[in-house]
Structure formats: C-alpha cells, structure tokens
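This is what each chain is made of:
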Amino acid sequence: DKGPYRHYMQKEIFEQPVAIMNTLDGRIKEGKVNIEAIAPNAAEILSKVEHVQIVACGTSYNAGMVARYWFEAIAGVSCDVEIASEFRYRKFVTRPNSLLITLSQSGETADTLAALRLAKESGYMSAMTICNVASSSLVRESDFAFLTRAGVEIGVASTKAFTTQLTCMLLLNAAIGRLKGNLSEEQEHHIIQSLQRLPAQIESALVFDKQIETLSEDFAEKHHTLFLGRGEYYPIAMESALKLKEISYIHAEAYAAGELKHGPLALIDSEMPVVVVAPENDLLEKVKSNIEEVRARGGQLYVFADSDAGFEDSDNFKTIVLPKVDEVTAPIFYTVPLQLLSYHIALIKGTDVDQPRNLAKAVTVE
Ligand code: M6R
C-alpha cells in the first residue's frame, strides 16, 4: 500500500528516517556498538580481520564503495570493493584473515551469490552478508548476516536499502575499529551519536522536497548529466547517477571531481548540467576549484552543500543549502536529496518510476 504517496519509490525515500531507526534498534548499547547483536560470535571473527573484500552489484556496490573509505579511515583495515560479475570470473589472491562482505538488498542477486560461493572455497576467513531479506539465499549461505531492516523495498530503484546498508557499515566499522584498537572510546561514541541523530537530520533533508522539485525542471529536457564528488561523495555521486539513469532514462555519469581535467571537462557546455556534492569538509577547497573549472566553460552547476560551504546562487549556478550534519554520517544524509532529484526528474519525464523499462527488482540470472 502506497498510503499518501504517488509511488513506492517516493514512499521508500520518505521512510528512510524510520528505516534507519529500525536498523539501529538493539545494535547500540551504552553509547557503543552492541557487537553481539551483529552475531553471537562476531567479536571473535571481527577482531581477527586484517582485510575486507566487499562484493556486490548496482546500488549495493555503490554502498560498498562508500564503505571502503570508512574501513581504511575508521576501522583501520585495508578494503577492496569489486563488482560481483567481475570478481567471480577472474583469478584473485585471497589475503590472510580476509573477511568477505556481500552487500545486497534482495539476497538473491545471481552474481553476488556466485561470488559468495566461490569465496567460500577460496580461503576467506569468514563470509558475512549485509542484506535486507532474512530468508534469502545470501543470508542462508553466509557465515553470518547483518540485516539492514529497511522493510520491504518495492521500487526497482533502491533507496532505503542503500542508506540502511551504509548504516550497518558504519556500525560494523565502529565495531572493528574498537576490536582492533584503532578507534578510541570517544571516537566510537561520536560515530554512534551521529548515527542516532541521523533519522531526524534526514527528516530535515526531506523538507527540501519542493525546492528540489523546482530544480528538477531544469533537467527534464537535457540528455546528459554529470555528477561530481570527492572522497565518500564520489560514490554518492555514482549512486545519484545510477538513480537518474535508471528512472529518468537520462544518461548520467559520475566522476571523482579530480578527474575532470582528465577527460570529462571536454563535455562541458551550456547543455551539460553538472551536479556537485560539496559539503564543508577538508576536501571542499579542492571541490571548489573543480566547480570553477566547470563554471569557466559555461556548465550549468547544481551544488548540494551546507551553509558552512559558503555557496550562493548566481548565473548558471544553483544551490541547495542543506543543514550542517556530522561529517561521518553526511554521505548517508546527502544521498536523500539526490534521490529526490532523480525522482522529480523522472516524474516530469513521465516514466514508470517504480518499474523502469528493462529492469527487474532482483537480478536472479546473470
Ligand atoms: O538486491 P541487490 O542489492 O543485490 O541488487 C543489486 C542491484 O541489482 C540493484 O542495486 C540495482 O542496481 C538497483 N535497481 C539500483 O537502484
């Protein structure tokens, strides 16, 4: 039942505060991650992890790409991320004490499942899945599962599965960081508090719906869109580009903003909308110079930022100024207004938002 919503996708976007609350429920104890709630033997396994290999497809792969930044910065373990259909068909070297993590909404994605089966024969220390469906094949066949609890996701375009996957990933990172002595108690408390504040912050992002709807009109006649970000916002840009392609059929690409000069700058003209995710952080000055490169070539800029980033609207330059949120959870937060952008563009285009052409919700064949 869609309730007051026009589409399941819209409903699922607006459900994210509750979905994230459900994902956190029982997984926090006295300001720390309740590691036992991940799995009874999770502490024993996670304390031995020296490397993480993430395998997934589509949006779940993009969540893995965000998590890679966290594994190396928060948990202090090396991390690789690979598309399941590539991982399963190449020769790979398994590193010592390596944890395999599959990420999946459905738990039935054929390539991801094949990658898990292969990894189990390839010397991985343990195989974990972060998955939304408790009864799925991935959950059954993994050594342990960390369920996302997003609730049923019907829209083919994944929304709340992605943000709850990232929520699980932050909990997992805090747990591994503590177990390996790479994270202080204070740092762990900060991550937990940021996660607890996140549902209300996402509510405050949803308030921008109307403003984003107005912005979306600029995109409807365009044939291409470029999304830019740095650090964790590069995979957030990837996820936003995937969302736009999938439901509006507008060709969209994401680039790490630092790659602009290495090719995509040649595409910039007044017909090319460029969406930049640019909250205030250590990389903002770098992102600002990338924005200038686009501006100088007449590109149409749409910048999602916070008030501390100091952007203002001007010719060919529109901003969505969101509230300032904790840096650690900000990638999850910024996902939401960008989901709304794709949703509204698709509405104007008149596509079948919940069931885009040629796509299936669960890709059970390769
Ligand atoms: O169920 P999974 O998370 O394993 O599915 C993976 C992809 O098929 C899925 O994320 C797909 O890319 C979505 N339609 C994206 O919105």
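Residues numbered from 1 in each chain as written. Predicted model: local features only at pLDDT ≥ 70, side-chain atom pairs only at ≥ 80, totals over all residues. Heavy atoms only, no water.

(A) Geometry of the confidence of the model for the protein. Here the protein averages 97 in pLDDT, and 100% of its residues register 70 or above. Scored as a whole, the predicted complex attains pTM 0.98, and scored at its interfaces, ipTM 0.99. (pLDDT = per-residue confidence, 0-100.)

(B) Looking closely at the layout of surface pockets. The volume enclosed by the largest pocket comes to roughly 490 Å³. Together, 24 residues line the largest pocket, and Cys57, Gly58, Thr59, Lys361 and Val363 are the ones closest to its centre. Broken down by secondary-structure element, the contributors of at least two residues to the lining of the largest pocket are α5 (58-75), β5 (98-104), α7 (110-120) and α12 (233-248). A breakdown of the residues in the lining of the largest pocket according to their chemical character gives nine nonpolar, nine polar and six charged. As a volume, the second largest pocket reaches approximately 280 Å³. Lining the second largest pocket are 13 residues, with Trp70, Ala73, Glu232, Glu327 and Val328 positioned closest to its centre. If you tally residues by element for the lining of the second largest pocket, the top one is α5, at four residues. (1 Å grid on protein atoms, 1.4 Å probe; cavity = no way out; pocket = protein on both sides within 12 Å on 5 of 7 lines; lining within 4 Å. Points joined across faces, edges and corners; volume = space filled by probe spheres on them. Helix = DSSP H or I, 4+ residues; strand = E, 2+ residues; numbered from the N terminus. Nonpolar A, V, L, I, M, F, W, Y, C, P; charged D, E, K, R; others polar.)

(C) Structural context of the sheet that holds strand β4 (residues 78-83). On the basis of which strands lie adjacent, the open sheet formed by five strands has the order β4-β3-β5-β6-β7 and parallel pairing. Of all the strands in the sheet, just β4 and β7 (144-147) have a single pairing partner and so form its edges. In this sheet, adjacent strand axes meet at a mean angle of 20° when their direction is disregarded. Relative to β4, strand β3 (residues 51-56) is paired through six bridges, and the arrangement is parallel. (Pairing = 2+ DSSP bridges. Axes fitted to C-alpha atoms, helices over the stretch in contact; angles between N-to-C directions.)

(D) Representation of the nonpolar core in the model. Counting residues in hydrophobic clusters, the biggest one holds 89 residues, and the most contacted among them are Leu46, Ile54, Phe71, Ile101, Met169, Leu172 and Phe304. With 11 residues, the single largest contributor to this core is helix α14 (residues 330-349). Other than its neighbours up to four places away in sequence, Leu172 contacts Ile38, Leu46, Phe71, Ile101, Met128, Ile130 and Phe146. (Core = buried A, V, L, I, M, F, W, Y, C linked by side-chain atoms within 4.5 Å. Buried < 20%, exposed > 50% of the residue type's maximum accessible area, 1.4 Å probe, protein only. Contact = heavy atoms within 4.5 Å.)

(E) Layout of the environment of Glu141. Relative to the assigned elements, Glu141 resides in helix α8 (residues 137-141). Classification of Glu141 by relative accessible area gives partly exposed; the value is 22%. Between the alpha carbons of Glu141 and Leu116 there is a distance of 8.1 Å; along the sequence they are 25 residues apart. Excluding anything up to four places from it in sequence, Glu141 contacts Leu113, Leu116, Arg117 and Lys120.

(F) Spotlight on the packing of helix α2 (residues 16-24) against helix α10 (residues 185-206). Two elements in contact, α2 and α10, have axes whose closest approach is 8 Å; the angle formed by their N-to-C orientations is 170°. Comparing the axis directions of α2 and α10 gives the class roughly antiparallel. Across the interface between the two elements, Gln16, Pro17, Ile20, Met21 and Leu24 from α2 touch Leu195, Gln196, Leu198, Pro199, Ile202, Glu203 and Leu206 from α10. In terms of residue class, the contact of α2 with α10 is built from nine nonpolar, two polar and one charged. (Parallel < 35°, antiparallel > 145°, perpendicular 65-115°, else oblique.)

(G) Seen up close, the site of the ligand. Residues in close proximity to the ligand total 14 residues, the closest being Ser60, Ser104, Gln105, Thr109 and Glu246. Within the side chain of Ser106, one N or O atom sits 2.7 Å away from an oxygen atom of the ligand. When each cavity is represented as a set of grid points, the ligand is found to reside in the largest pocket. Those elements giving two or more residues to the shell around the ligand turn out to be α5 and α12. For the shell around the ligand, the leading source of residues is α5, giving three residues. Partitioning the shell around the ligand into residue classes produces four nonpolar, eight polar and two charged. (Near = heavy atom within 4 Å. Polar contact = N/O pair within 3.5 Å; in protein donor to acceptor, adjacent residues only side chain to side chain. Sits in = over half its atoms within 2 Å of the grid points.)

(H) Representation of the pattern of salt bridges within the structure. The full count for this structure, using the stated rule, is 19 salt bridges. The residue Glu141 makes a salt bridge to Arg117 at a minimum N-O spacing of 2.7 Å. In this pair, Glu141 sits in helix α8 while Arg117 sits in helix α7, placing the two residues 24 residues apart along the sequence. Taking the shortest distance from any N to any O, the salt bridge between Glu293 and Lys261 comes out at 2.4 Å. Here Glu293, found in helix α13 (residues 284-296), pairs with Lys261, found in the loop between β9 (251-256) and β10 (273-277); they are 32 residues apart in sequence, far enough to count as distant. Take Glu293: its relative accessible area is 11%, and that puts it in the buried class. Salt bridges sharing partners connect three or more residues here, namely Lys11, Glu15 and Lys160. (Salt bridge = Lys/Arg side-chain N within 4 Å of Asp/Glu carboxyl O.)

(I) Broad picture of the pairing of β3. Where burial is concerned, most of β3 is hidden: six out of the six residues are buried. Here β3 shows no split at all, with His51, Gln53 and Val55 on one side and Val52, Ile54 and Ala56 on the other all buried. Between the parallel pair β3 and β4, the chain is carried across by α5, and the sense of this crossover is right-handed. Across five bridges, the pairing between β3 and β5 is parallel. (Right-handed = clockwise from strand over helix to strand, strands pointing away.)

(J) Here's a closer look at the sheet that holds β9. The strand order across the open sheet built from five strands is β9-β8-β10-β11-β12, with neighbouring strands paired in parallel fashion. Only two strands of the sheet have a single neighbouring strand rather than two, namely β9 and β12 (317-322). Geometrically, the sheet is characterised by an average inter-axis angle of 20° between neighbouring strands, direction not taken into account. Here six bridges tie strand β8 (residues 224-229) to β9, and the two strands are oriented parallel to one another. Each residue of the ladder has a partner; that of His224, found in β9, is His251.

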